[in-house]
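# Analysis of the macromolecular model
Each chain is listed here by its residues.
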Amino acid sequence: MLLPIQLGHLILLRTAGIILPIYFMLRAVTAIQQRWRRQDPPTSNASTHEETEQPAVQPQTYIIHIR
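Notes on the structure in this doc start here. Everything numeric in this text was worked out from a predicted model, so none of it was measured.

## Some points on the overall build of the protein
Each helix and strand counted, the protein has two helices and zero strands in total. Burial analysis of the protein (67 residues in total) assigns 0% to the buried set. Surface accessibility of the protein: about 7500 Å² in total, with carbon and sulfur atoms responsible for 64%.

## Description of a nonpolar patch on the surface
A cluster of nonpolar side chains, contributed by I18, I19, I22 and L26, occupies part of the molecular surface with about 410 Å² of accessible area. One can find I18 in helix α1 (residues 4–39). With relative accessibility at 54%, the residue I18 sits in the exposed group.

What counts as what
- Residues numbered from 1 in each chain as written.
- Predicted model: local features only at pLDDT ≥ 70, side-chain atom pairs only at ≥ 80, totals over all residues.
- Heavy atoms only, no water.
- Helix = DSSP H or I, 4+ residues; strand = E, 2+ residues; numbered from the N terminus.
- Buried < 20%, exposed > 50% of the residue type's maximum accessible area, 1.4 Å probe, protein only.
- Areas by Shrake-Rupley, 256 points an atom, 1.4 Å probe, with all protein chains shown as cover.
- Patch = residues over 30% accessible without salt bridge, like charges linked within 9 Å, V, L, I, M, F, W, Y side chains within 5 Å.
- Salt bridge = Lys/Arg side-chain N within 4 Å of Asp/Glu carboxyl O.

Following this line, the structure appears as structure tokens:
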């Protein structure tokens, strides 16, 4: 038979076993989203007079980070 203290520890460990992985997954998803936001340049809908005169498309540079 489990003592009340042992039962409390068992419930605490089971709860931590569920909550901690969820916490770490949320932290990882948040870090990935922040990295995507930093890499994407902000887009502007405002067009200037110079942009309308130059129909040529400028090439975009893609940077790939390898660790």
